[in-house]
Amino acid sequence: MDISHGHEGSRYRARASSELISSDDMIYVAGHRGMVGSAVWRRLAAQGFDRLIGATSSELDLRRAEAVEEFFAANKPDVVVLAAAKVGGILANATYPADFLSDNLRIQLNVMDAALRHGVRRLLFLGSSCIYPKHAPQPIPESALLTGPLEQTNDGYAIAKIAGIMQVQAIRRQHNVPWISAMPTNLYGPGDNFDLKFSHVLPAMLRKFHDAKVEARHNVTLWGSGTPRREFLHVDDLAAASVFLLQHYNEAEHINIGSGVDVAISDLAGEVRDAVGYDGHIDWDVTMPDGTPRKLLDVSRLTGMGWKPEISLGDGVAATYRWFLDHPEARRG
Ligand SMILES: NC(=O)c1ccc[n+]([C@@H]2O[C@H](COP(=O)([O-])OP(=O)(O)OC[C@H]3O[C@@H](n4cnc5c(N)ncnc54)[C@H](OP(=O)(O)O)[C@@H]3O)[C@@H](O)[C@H]2O)c1
């Protein structure tokens, strides 16, 4: 278990009434070794929130209600960032829909139930832009949730995440606590999963170009047609937005977090190929599913609050490739 102790003190220490979180708070980052959780942990620490706590899935399996209850009873966090989830790309979701549905429902229910019982004052739940309807209007406003059929390749994951957002809203209504949900777009960055089969599109591309460069191959085959458009946000920007929302956002509706810009997958491939320094040819395997044709979030509510991302796609991809080179253990399969 990881604990970052700043100053000790009562969890009921007085705080200014306008303050939604304070540096005195004990903050439990669930999933603190994952891509998102580790970025949130780094960002919280950098902003002076130094009473942080986290446990790995082997120390605390969040699917086990009793273990979660014991953890909350023992540690009594004031604030929870729920960044633990079973996460994967199209193939993983399509192959294991029951696991994505069941594991994520259990993790959310156990954490939120225990958080409620143990007086957690503030909680941030993370959804995902892929849970909006397949043919949602573009850019996708928050109000598009539950207005149409889902993308079938990840419907198990989506139903679980939608249930999590509804759970936060129901708990707010019934218990009058300032818990919130956010809806991040596609993320990438340090800590990503670079597995060739089960990862998301950007890290999968990076890995394929890297392997082809190292093996001096002339062609790389990428999945799909290259025409779908997607939005990407560096995970450090997501972490900055998450801390910003913990400090400033207190509404029942989930709030989108994105860069506000989308790119064709074929253009993204060009960016990644340049960052890796691969000069071979790209073939598109059109027998693989494309998924939703376009996905761009309407981020006007977040930008209207005064937040905007700082890391461009080019800089972010280059930094991610440097991280990948420094962390060979991230090449899981
Ligand atoms: N990646 C994206 O593009 C993206 C986009 C939008 C939203 N999100 C959301 O962001 C959150 C985190 O995603 P991520 O990309 O950071 O995923 P990740 O890198 O796979 O990390 C997931 C984390 O969840 C933990 N976890 C999984 N199952 C667990 C269990 N049964 N018990 C305890 N911990 C468990 C893992 O812990 P261990 O490492 O200890 O096993 C890991 O730290 C998810 O809610 C996801 O929906 C991600």
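Keep in mind that what you see is a predicted model, and the values were worked out from it rather than measured.

J.: Before we go on, may I ask you to explain helix α8 (residues 265–276) in this structure?
T.: Every α-helix winds through 3.6 residues per turn, so residues three or four apart in the chain are directed the same way. Taking 1.5 Å per residue as the helical rise, α8 with its 12 residues ought to reach 16 Å, and the 16 Å between its terminal C-alpha atoms agrees with that figure. When we look at burial in α8, the residues that qualify are Ile265, Leu268, Ala269, Gly270, Val272 and Val276. As for α8, its buried residues are in contact with α6 (201–214), β8 (219–223), β9 (229–234), β11 (262–264), β12 (281–285) and α10 (313–326). The positive-phi residue at the C-terminal boundary of α8 is Gly277, with phi of around 80°.

J.: Could you clarify how one ought to interpret the pattern of salt bridges in this entry?
T.: Two side chains carrying opposite charge are able to pair once their charged atoms lie near each other. Under the criterion given, the structure shown has 13 salt bridges. Among the salt bridges present, the one from Arg207 reaches Asp211, with a minimum N-O distance of 3.1 Å. With Arg207 and Asp211 both in helix α6 and four residues apart, this pair spans about one turn of that helix. With a relative accessible area of 9%, Arg207 lands in the buried category.

J.: What exactly am I supposed to notice about unusual backbone geometry here?
T.: Outside of glycine, negative phi angles account for most residues, and trans bonds account for most peptide bonds. For the peptide bond that leads from Gln138 to Pro139, omega is -10°, which places it in the cis range. Mapping Pro139 onto the fold places it in the loop between β5 (122–126) and α5 (155–175). The phi torsion at Asn176 lies on the positive side, around 55°, for a residue other than glycine. Judged by relative accessible area, which is 70%, Asn176 ranks as exposed.

About the cut-offs
Per chain, residue numbering runs from 1 following the sequence as it is written. Under the rules for a predicted model, residues below a pLDDT of 70 receive no local features and side-chain atom pairs below 80 are neither given nor counted, while totals for whole chains, interfaces and linings still include all residues. Heavy atoms from the whole structure form the basis of all side-chain values; hydrogens and water molecules are not counted. Working definition: helices are DSSP H or I runs of at least four residues, strands are E runs of at least two. Numbering for both runs from the N terminus. Multiplying 1.5 Å by the residue count of a helix minus one yields the expected span of that helix. Relative accessible area decides the class of each residue, using a 1.4 Å probe on protein chains only: under 20% of the type maximum gives buried, over 50% gives exposed, and in between gives partly exposed. The contact definition used throughout considers only heavy atoms, calling two residues in contact when any of these lie within 4.5 Å. Salt bridges are defined by distance alone: a side-chain nitrogen of Lys or Arg within 4 Å of a carboxyl oxygen of Asp or Glu.

All we've got here are geometric facts, nothing functional implied.
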